[in-house]
Each structure stands twice: as C-alpha cells, then as structure tokens.
Amino acid sequence: MGLTNNLGKLSNMITSTGTAVGIGTTTPAELVEVSAPAVAGTSQQARLRITQAGSISARANLVSGVISGENPYFAIETRQSASPFSIVERLRIDGNGNVGIGQTSPSYALDVANSSSPSLRVRNGALGGTATLLLETANDFSGTCQTYIKCIGTTSNGTSQLAFGTAGASGDSTATERMRITSGGRVWINTTSSLYSTAAQMEFQWQGASVYGINMKTTTGDGLPLNFINSSGTQVGYVYTTTNSTQYSTTSDYRLKEDLKDFNGLNLIGSLKMYDYQWKSDKSRMHGVLAHELKEIIPYAVSGEKDGDRMQGVDYSLLVPILVKAIQELNAKVSALENKS
C-alpha cells in the first residue's frame, strides 16, 4: 500500500507531453524541466540530485535558484571528501553571467576563492608545449587587443619559462612578447634570449637614444634609487639623489677600515703610463691607460684578467685619492721652495 501511494504521488508530480518531461510543472519547455513551487518574496531553489547507487560519497546537486525573488543563479554542489561530509556549493553562475568558484557572490566574470590557496591551472599535456592565458579587449582597429601570460616548457629537463606579451603598435591585435622569466629566475625585457655570452640576472634592450633605458623618480625629497649589498649582507655602495644632483657612492665609513698608512702619491702617479689612443669600434680617440698595465701598479682600480673571457675594466674614480695625495705633495714642495726664496 505504501509503495502504491508513493508511486501515485510521484505520478502527480511528473508530466509528460510526449516530447518533454516536467517535474513540478505541467508545461515543460525543455526536454526535462524541474520546477520548485513559487513562494513570493523569498529565496527559492529547484534542485536535481545525482547519486551513484550504493555510494553516498558520489553525490552532487544541480541547483537553479533565485535570491529575494529577483536574482537568479545556477549552482553545482558536491559532497565533502572528509568529515562532516556535507553538501557544499562549488560553482555558481549568477544572473549577470559572473562565475564563482568557491564564491557564492561573484563580482567578476570569473571569481575564484579558496580558504587555503586559490589556484587556476592552464595545462598543455604535450612535452615541451606552451600553455597560454589570453586576455583580450576591444579596440578601434581590428576588433580585439591581445595580452597574454604564457608558460613555455622544454623537452629535456622539465624546466619552464614564463613570458608576458602585449599588443604594441596601433592596429596590432596579436601580442608580442615583452618580458620573460627563465627557469633560473633571470629576467629578460624586450628580448627572448640572453644578450651576451655571459648571462646576467636581468637583461633588457631598448631603442637607442630615442628612449631612456630606465627612469627612476622619488616621490618626495632626496632618494636612494639603487643600493648595493655584498654576499655577507654589508652595504658596499649606493646611488643617492637630491633635488639637484646625483651621487654615486662607494662605502668609505671609518667603521670598515683599519691599519691606516701614509703613501707617496707622486711615485704612484709617476709610474702610470697614459696614452692618446683610438677605439677599434668607431675610430674615436680618448686619453687613458691600458687596464693590465694599471693593474700592476694600482690593482684595485682594475677588474678582470688580461686576455680573459671578460673584458678588463678600469674605475678611474679610484685614482682620485692618489691624485689628491700627489697634489698635496706637490703643494708641500712648492711651499718649501717659496719659503727658501
């Protein structure tokens, strides 16, 4: 008798038109339509549960709801995999077309929320493939303006690179790569490969003298745009700017020095060989030293080794203290001569 009564109630809820089935409605507009009774001024839901027979774990709900009678939405609910094993909403599409994942009130076209670490994965299953996230907006020229974030894989050791692209010139709808972060953490800007045989942590190229390579601006007063720290964490130099000038400073604090000695500046200066020389690259002429010769006399003013992989360089500013000392010694000689006369 109980089974007969339940079947009778079920038959009163289901309507078949021959081409459509309605549950809770006598006028189904789709192949299958589930409708909940209308309750004016309240939130309502029509729910369809999908359960795997014999397994309470495999349970999900499809929900068509309305909030306060005017805000419709569609949601998907699934059962938690751990205690308390409740049915929890996982995805919602609201009346504005916004999609929320873990978010019941999405404010954006795609709104992802998670109590631990919300993540979005775009994956290319091919070895050495590329996974790209495209961001597009309309423009006046070709319909869309494209920007991308791209993961570039390798076929050998499982490493990857991260690239960023933007559309540049007017009418350009396809993005061009502007920056890349390598698997080793190096950054390339306006290049897709290292610019020099010896790689650097950051490399960028620009259009000659038509633009600046780097602009730095302090928002108020004096500034320290660059600071240099050695491997021990000690400051060894910095760039300091005022409202009128820029200072390139190497550390010279007394707290870093010991064993102070006098020296003969004139002897050192007199030992230096100076040349009027021509550059091979553009045939321009300058005055200066040969790095390897200077290193024999004042080694700390020269970097690199003669005929090494890296070109030797000279920091001429390190010669200034020696020049000052030589001037002091000359001044003493002049004063002595003047006193004799």
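Please read all numbers here as calculations on a predicted model, not as lab measurements.

Asks: What exactly am I supposed to notice about the overall build of the protein chain here?
Replies: Of regular secondary structure, the protein chain possesses 4 helices and 22 strands. Sequence separation of at least 24 residues holds for 14% of the intrachain contacts in the protein chain that already meet a minimum separation of 6. Surface summary for the protein chain: the accessible area is close to 24900 Å², and the carbon and sulfur share equals 54%.

Asks: I'm lost on the pairing of strand S19 (residues 275–278) in this one. Help?
Replies: Here is the key point about a regular strand: its side chains alternate between the two faces of the sheet. Inspection of the sheet shows S19 paired to strand S20 (residues 285–288) by 4 bridges, in the antiparallel sense. Opposite Tyr-275, over in S20, you have Gly-288 as the bridge partner. Between S19 and the antiparallel strand that follows it, S20, lie 6 residues; Lys-283 among them carries a positive phi value of about 65 degrees.

Asks: In this structure, what is going on with the sheet that holds strand S3 (residues 32–34)? I would like to understand it.
Replies: An order of S1-S2-S3 is seen for the 3 strands of this open sheet, with the pairing classed as mixed. Looking at which strands have only one partner, the edges of the open sheet turn out to be strand S1 (14–16) and S3. Pairwise comparison of adjacent strand axes, ignoring direction, gives a mean angle of 15 degrees for this sheet.

Asks: When you look at the packing of aromatic side chains in this model, what are you seeing that I'm missing?
Replies: The geometry of an aromatic ring pair is captured by two quantities: the separation of the ring centres and the angle between the planes. Taken as a whole, this structure holds 2 aromatic pairs when the rule is applied. The interplanar angle of 80 degrees and the centroid separation of 5.4 Å between the aromatic rings of Tyr-277 and Trp-279 together place this pair among those described as edge-to-face. For Trp-279, a relative accessible area of 40% gives the class partly exposed. The ring of Tyr-73 carries the charged tip of Arg-92 above its face, separated from the ring centre by 3.8 Å.

Asks: What is the right way to look at the nonpolar core in this model?
Replies: For soluble globular proteins, nonpolar side chains are generally found buried alongside one another. Core analysis: the biggest nonpolar cluster contains 9 residues, these being Leu-272, Val-289, Ala-291, Leu-294, Ile-298, Ala-301, Val-302, Leu-319 and Ile-322. Setting aside its immediate chain neighbours within four residues, Ala-301 contacts Leu-294, Gly-313, Val-314, Asp-315, Leu-318 and Leu-319.

Asks: Would you explain helix H4 (residues 320–340) in this entry?
Replies: Note that an α-helix has 3.6 residues per turn; residues three or four places apart therefore point the same way. Compared with the 30 Å implied by 1.5 Å per residue over 21 residues, the 30 Å span of H4 between its first and last C-alpha is a close match. Those residues of H4 that are buried are in contact with helix H2 (265–271).

Asks: Can you walk me through the sheet that holds strand S8 (residues 99–101) in this structure?
Replies: Through backbone hydrogen bonds, the strands of a sheet pair up, either in parallel or in antiparallel fashion. Spatially, the 6 strands line up as an open sheet ordered S4-S5-S6-S7-S8-S9, and their pairing is mixed. Unpaired on one side and paired on the other, strand S4 (44–51) and strand S9 (110–112) mark the two borders of the sheet. The mean inter-strand angle of the sheet, taken between neighbouring strand axes irrespective of direction, is 20 degrees. In terms of strand pairing, S4 meets strand S5 (residues 59–67) through 8 bridges, oriented antiparallel. When the bridges of S5 are listed, Thr-51 appears paired with Arg-59.

Asks: Any chance you could explain the pattern of salt bridges here in plain terms?
Replies: Where side chains of opposite charge bring their charged atoms close, a pairing between them can arise. Following the criterion strictly, the structure yields 9 salt bridges and no others. Asp-259 is the partner of Lys-261 in a salt bridge, and the nearest nitrogen-oxygen pair spans 3.8 Å. Note on accessibility: Lys-261 and Asp-259 belong to one class, exposed. The closest approach of N and O atoms between Arg-285 and Asp-276, which form a salt bridge, is 3.1 Å. Look at Asp-276 and you get partly exposed, because its relative accessible area is 48%. Linked by salt bridges that have partners in common, Asp-262, Lys-325 and Glu-329 make up one network.

Asks: Is there a simple way to explain the layout of surface pockets in this structure?
Replies: Gaps between atoms show up when a probe of the same size as a water molecule is rolled over them. Of the voids in this model, the largest pocket is the one considered here, and its volume is about 650 Å³. Taken together, 19 residues line the largest pocket, and the ones lying closest to its centre are Trp-279, Val-289, Leu-290, Ala-291 and Gln-312. When residues of the lining of the largest pocket are traced back to their parent elements, those giving at least two are S19, helix H3 (291–297) and strand S22 (313–314). A total of 3 residues in the lining of the largest pocket trace back to one element, the largest contributor, which is S19. Taken together, the residues of the lining of the largest pocket sort by class into 9 nonpolar, 5 polar and 5 charged.

Asks: What is the right way to look at unusual backbone geometry in this model?
Replies: What you tend to see is this: most non-glycine residues have negative phi, and most peptide bonds are trans. Of note, the phi angle at Asp-259 is positive, near 55 degrees, even though the residue is not glycine. In this fold, Asp-259 is placed in the loop between strand S18 (246–250) and H2. Within the chain, Lys-283 stands out as a residue other than glycine whose phi angle is a positive 65 degrees. On the accessibility criterion, Lys-283 (54% relative accessible area) is exposed.

Conventions we followed
- Residues numbered from 1 in each chain as written.
- Predicted model: local features only at pLDDT ≥ 70, side-chain atom pairs only at ≥ 80, totals over all residues.
- Heavy atoms only, no water.
- Helix = DSSP H or I, 4+ residues; strand = E, 2+ residues; numbered from the N terminus.
- Contact = heavy atoms within 4.5 Å.
- Areas by Shrake-Rupley, 256 points an atom, 1.4 Å probe, with all protein chains shown as cover.
- Pairing = 2+ DSSP bridges.
- Axes fitted to C-alpha atoms, helices over the stretch in contact; angles between N-to-C directions.
- Phe/Tyr/Trp six-rings, centres within 6.5 Å; stacked < 30°, edge-to-face > 60°.
- Buried < 20%, exposed > 50% of the residue type's maximum accessible area, 1.4 Å probe, protein only.
- Lys NZ or Arg CZ within 6 Å of the ring centre and 35° of its normal.
- Core = buried A, V, L, I, M, F, W, Y, C linked by side-chain atoms within 4.5 Å.
- Expected span 1.5 Å × (residues − 1).
- Salt bridge = Lys/Arg side-chain N within 4 Å of Asp/Glu carboxyl O.
- 1 Å grid on protein atoms, 1.4 Å probe; cavity = no way out; pocket = protein on both sides within 12 Å on 5 of 7 lines; lining within 4 Å.
- Points joined across faces, edges and corners; volume = space filled by probe spheres on them.
- Nonpolar A, V, L, I, M, F, W, Y, C, P; charged D, E, K, R; others polar.

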